[in-house]
Amino acid sequence: MASMRDIKRRKESITSTSQITKAMKLVSTVKLQKAKGHAEETKPYFNKMYEIVSKMLANVNETTNPMFCAKEGDGPKNKAVIMITSNRGLAGGYNSNIVKLITNGDFDPDHTIIYPIGSKGKDTMSRRGWKCQGDYSEIINKPMFSDAVQIGKAVMSDLQQGQIDEVYLAYTIFKNSVTQIPTLLKVLPFEKEDLPVEEEKSQDSGMLMTYEPGEEEALEYIVPLYMNSLIFGAMVESVASENGARMQAMDNATSNAEDMIGNLELQYNRARQAAITQELTEIVAGASAIS
């Protein structure tokens, strides 16, 4: 059995850690309320933009523009993943779940470029030998639409120049403070088989669209806006998810610390009782020897 001194030191250490996790939980709770409100305000625009552009692209005529058509041929496709993680840890599996989406998915490290938003994802993927292009770590601290435009321009430029063939978005959907869903979304090119069933039906119904000045000119303006909107919406959702995950992780850590403190108190009392009993036994034995 550990000594009373060792038990007391361990109890003091865990108590100090518990105070830290409790404070971090409170901070995350406050941040979550603000991030949650921002995410709820952004989500309708995020969803509607995806829905409208999906329907538009479902009815686009044949084109060779890389934004609207997949690369032909049997060779490997160069893929880009806009990966959104956090700059800090202590958030449970929030960051590792996004990493697993990519490393366990249909991505070849030799033909994949990571556009990292958040230092945790960037550092992890770099250590594992994946190519990371750019560093947008500071953006996730306070996402703005101008930041999404900056990333979108870099990705669209590489897509149009033929350096990449497909663009994906890896982020975390915020459902509530307990549930966050890691998600991998294909952004471009928008292929017919990627469309939801109801949008395929609208295509088959022969719905006509009129573009001014022209179909490609209009889409070349709308599609970058669509990508920027998706990136911004994903960043806002990810910030809310991060704070929700950290709040939950710190709550679990605090509960575990309280359980450990209770067990250590029991061990301390047992050790103390054993020490008292031993002293009484020695006193009685000494008195008996004298008499």
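Our subject is the structure listed above.
Visitor: Please clarify how the layout of surface pockets should be interpreted in this entry.
Guide: To find the voids left in a structure, one rolls a probe of water-molecule size over its atoms. If you add up the space inside the largest pocket, you get close to 450 Å³. Forming the boundary of the largest pocket are 16 residues, of which A35, N141, K142, P143 and V239 lie nearest the centre. If you list the elements that add at least two residues to the lining of the largest pocket, you get helix 1 (4-58) and helix 6 (215-290). No other element matches helix 6, which puts five residues into the lining of the largest pocket. Here the lining of the largest pocket is composed, by residue class, of five nonpolar, five polar and six charged.

Visitor: Sorry if this is basic, but what is going on with the pairing of strand 5 (residues 180-188) here?
Guide: Remember that side chains alternate between the two faces of the sheet whenever the strand is regular. The sheet contact formed by strand 4 (residues 166-174) and strand 5 spans eight bridges and is antiparallel. Residue L169 lies in a different strand from strand 5, and its bridge partner there is L185. The turn joining strand 4 and strand 5, which pair antiparallel and follow one another in sequence, is formed by five residues.

Visitor: Mind showing me how you'd approach the pairing of strand 2 (residues 112-117) here?
Guide: With six of its six residues buried, strand 2 lies for the most part within the structure. Burial of the side chains of strand 2 extends over both faces: T112, I114 and P116 are buried on one face and I113, Y115 and I117 on the other. Strand direction decides the pairing type here: strand 1 (residues 79-84) and strand 2, joined by six bridges, are parallel. Bridge pairing in strand 2 places K79 opposite T112.

Visitor: Teacher, can you tell me more about a nonpolar patch on the surface here?
Guide: Nonpolar side chains collect at one region of the surface, where Y45, F145, Y221 and L225 lie side by side and expose about 420 Å² of accessible area between them. Counting through the fold element by element, L225 comes out in helix 6. Given a relative accessible area of 30%, L225 falls into the partly exposed group.

Reading guide: rules and limits
- Residues numbered from 1 in each chain as written.
- Predicted model: local features only at pLDDT ≥ 70, side-chain atom pairs only at ≥ 80, totals over all residues.
- Heavy atoms only, no water.
- 1 Å grid on protein atoms, 1.4 Å probe; cavity = no way out; pocket = protein on both sides within 12 Å on 5 of 7 lines; lining within 4 Å.
- Points joined across faces, edges and corners; volume = space filled by probe spheres on them.
- Helix = DSSP H or I, 4+ residues; strand = E, 2+ residues; numbered from the N terminus.
- Nonpolar A, V, L, I, M, F, W, Y, C, P; charged D, E, K, R; others polar.
- Pairing = 2+ DSSP bridges.
- Buried < 20%, exposed > 50% of the residue type's maximum accessible area, 1.4 Å probe, protein only.
- Patch = residues over 30% accessible without salt bridge, like charges linked within 9 Å, V, L, I, M, F, W, Y side chains within 5 Å.
- Areas by Shrake-Rupley, 256 points an atom, 1.4 Å probe, with all protein chains shown as cover.
- Salt bridge = Lys/Arg side-chain N within 4 Å of Asp/Glu carboxyl O.

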